[in-house]
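Summary of structural features
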Amino acid sequence: MEPREPRRERERAAQQQPNPKTFVSNLIQIGTTDPTAQVPESISVPEVEKGVGCDFDSYLLSPDGSWDERIASAKERLGSRVVILGHHYQRDEVVKFADFRGDSLKLSQQAAGTEADYIVFCGVHFMAESADVLRRSHQVVMLPDKNAGCSMADMASLAKVERCWREIGVVLNPDQGLTPVTYINSAAALKAFCGRHGGIVCTSSNARKVLEWSFGRREKILFFPDQHLGRNTGYTMDIPLEQMVVWDFDQPMGGLTPAQIRDAKIILWKGFCSVHQMFRPEHIDRFKEKYPEAKIISHPESPFEVCQKSDYVGSTEYIIKTIRDAEPGRRWLVATELHLVKRLHEQVKGDGKRVHFMSPTACMCATMFRSDPLHLAWCLASLLAAHVVN
């Protein structure tokens, strides 16, 4: 039999939760002028065990395809109280409602510059964390779906990084000879770890400057969680590949010998972005056979061999600016997320430019895809009901 106290705690928590039907009713009311509109049977709340409650997936079932109308109406009613952020990699159905579009840091800075009470970040977990760090004191950050994580960020947990730091300490004193550098695409706990150990956070735009700063303070760098950004940046600084070793977080001592650790300039975490990892140098070779005049541009999260075959390598903002500013009629092969590539093609095709996605098969960012119109509508309807979710 279940102990009484845990059961009572659950029951008290359930009583504090708003009625799920209230939220569903708000969603039905958004976008309609009929104040007597009833909740369709297709989204009625299923019976659940008393005190357990009902999560989003169990009751918020879409009755029709009118989410655009409902989101737009809710956004209008909320007015300047809410700002919606849409990451470059977000799906079109969601990003079209964004007040700002961009990379995670830029979006967080823009949101903090507004007077909005609520920041709805249509992105992934670490992005919402960044916005929460930079927000004003009165602002609240919401993520439409808390399951929208990042597989690359999850590859470097605080526990694994702390263990790495201890194991490196067997070979050398890391606080004297090693600067920890974390890519902004990581958990806030890792950014704090870098702060405690004299390290720093980088973006794909300023990675080289950050590495130069780091080498000015200590002899070596521990770079996480994306090995490709670290390797591609280090190579532009004339650091030999053999002096950039990979730390396998599933192996004792990262799978490295003491000599490899001592000889390394950069210790790269064995992490990667699943979207950018799929691009291959043979994709470029085949494309150039068909379009020899084409230009190749890649995000530095792409593998080393892909970046070496590219004419340009840079951040998402760099990719967008380079293609927009290029001469008319140019054909481009792009190694970054598909939604961005498709939107960029539509934006520049009027100048005769053609923008192609590098891989013949698409690997969607599954976690980014979790921020769908349904979750966004639910988020906004919750705010209309004076309830903050996620």
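Here's a quick rundown of the structure. (Residues numbered from 1 in each chain as written. Predicted model: local features only at pLDDT ≥ 70, side-chain atom pairs only at ≥ 80, totals over all residues. Heavy atoms only, no water.)

1. Notes on the overall build of the protein chain
Within the protein chain one finds 20 helices and 13 strands. Burial statistics for the protein chain: of 390 residues in total, 51% are counted as buried. Across the protein chain, every contact between residues at least 6 apart in sequence was considered, and the portion connecting residues at least 24 apart equals 63%. Looking at the protein chain as shown, the accessible area adds up to about 18200 Å², and 49% of this sits on carbon and sulfur atoms. (Helix = DSSP H or I, 4+ residues; strand = E, 2+ residues; numbered from the N terminus. Buried < 20%, exposed > 50% of the residue type's maximum accessible area, 1.4 Å probe, protein only. Contact = heavy atoms within 4.5 Å. Areas by Shrake-Rupley, 256 points an atom, 1.4 Å probe, with all protein chains shown as cover.)

2. Considerations on helix α13 (residues 227-236)
Among the ten residues in α13, eight count as buried, and that is most of the element. The set of residues buried in α13 consists of Gln227, His228, Leu229, Gly230, Arg231, Asn232, Thr233 and Gly234. Phi for Asp238, located one or two positions after α13, is positive at around 65°.

3. Considerations on the packing of helix α12 (residues 207-215) against α13
Between α12 and α13, the least distance of the axes is 10 Å, while the angle of their chain directions is 75°. Classified by the angle between their axes, α12 and α13 sit roughly perpendicular to one another. Of α13, the residues touching α12 (which contributes Ala207, Arg208 and Leu211) are Leu229, Thr233, Gly234 and Thr236. Each residue belonging to the contact of α12 with α13 can be placed in one class, and the counts come to three nonpolar, three polar and one charged. (Axes fitted to C-alpha atoms, helices over the stretch in contact; angles between N-to-C directions. Parallel < 35°, antiparallel > 145°, perpendicular 65-115°, else oblique. Nonpolar A, V, L, I, M, F, W, Y, C, P; charged D, E, K, R; others polar.)

4. Some remarks on the sheet that holds strand β2 (residues 100-102)
Across the sheet, which stays open at both edges, the four strands sit in the order β2-β1-β3-β4 with parallel pairing between neighbours. Across the chains shown, the open sheet's two edge strands, defined by having one partner strand only, are β2 and β4 (140-142). The sheet shows a mean angle of 25° between the axes of neighbouring strands, direction not considered. (Pairing = 2+ DSSP bridges.)

5. Side note on the environment of Ile267
Relative to the assigned elements, Ile267 resides in strand β9 (residues 266-269). Residue Ile267 is classed as buried on the basis of its relative accessible area of 1%. In this structure the C-alpha to C-alpha distance between Ile267 and Met244, which are 23 residues apart in sequence, comes to 5.8 Å. When residues no more than four places from it in sequence are discounted, the contact partners of Ile267 are Ile168, Leu178, Ile221, Leu222, Phe223, Val245, Trp247 and Ile261.

6. As for the packing of helix α6 (residues 104-112) against helix α7 (residues 125-134)
Where α6 contacts α7, the two axes come as close as 9 Å, and the packing angle between them is 35°. Handedness of the α6/α7 crossing: right-handed. Side by side, α6 and α7 meet where Ser104, Leu105, Ser108, Gln109 and Ala112 of the first sit next to Phe126, Met127, Ser130, Ala131 and Leu134 of the second. Tallied by class, the residues present in the contact of α6 with α7 amount to six nonpolar, four polar and no charged. (Left-handed = near helix turned anticlockwise from the far one by under 90°.)

7. Some details on the packing of aromatic side chains
Considering all chains together, one arrives at eight aromatic pairs under this definition. Each ring, one from Phe279 and one from Phe357, has its centre 5.5 Å from the other, and the planes form 75°; the classification is edge-to-face. Here Phe279, found in the loop between α15 (274-277) and α16 (281-290), pairs with Phe357, found in strand β13 (residues 354-357); they are 78 residues apart in sequence, far enough to count as distant. Here Phe279 matches Phe357 in class, with each residue buried. Ring geometry for Phe287 and Tyr291: centres 4.9 Å apart, planes at 50°, overall tilted. Accessibility expressed as a relative area gives 19% for Tyr291, which makes it buried. Taken together, the ring pairs connect Trp165, Phe193, Phe224, Phe249 and Trp269 into an aromatic cluster. Lying over the aromatic face of Phe369, Arg91 brings its terminal NZ or CZ to 3.6 Å of the ring centre. (Phe/Tyr/Trp six-rings, centres within 6.5 Å; stacked < 30°, edge-to-face > 60°. Lys NZ or Arg CZ within 6 Å of the ring centre and 35° of its normal.)

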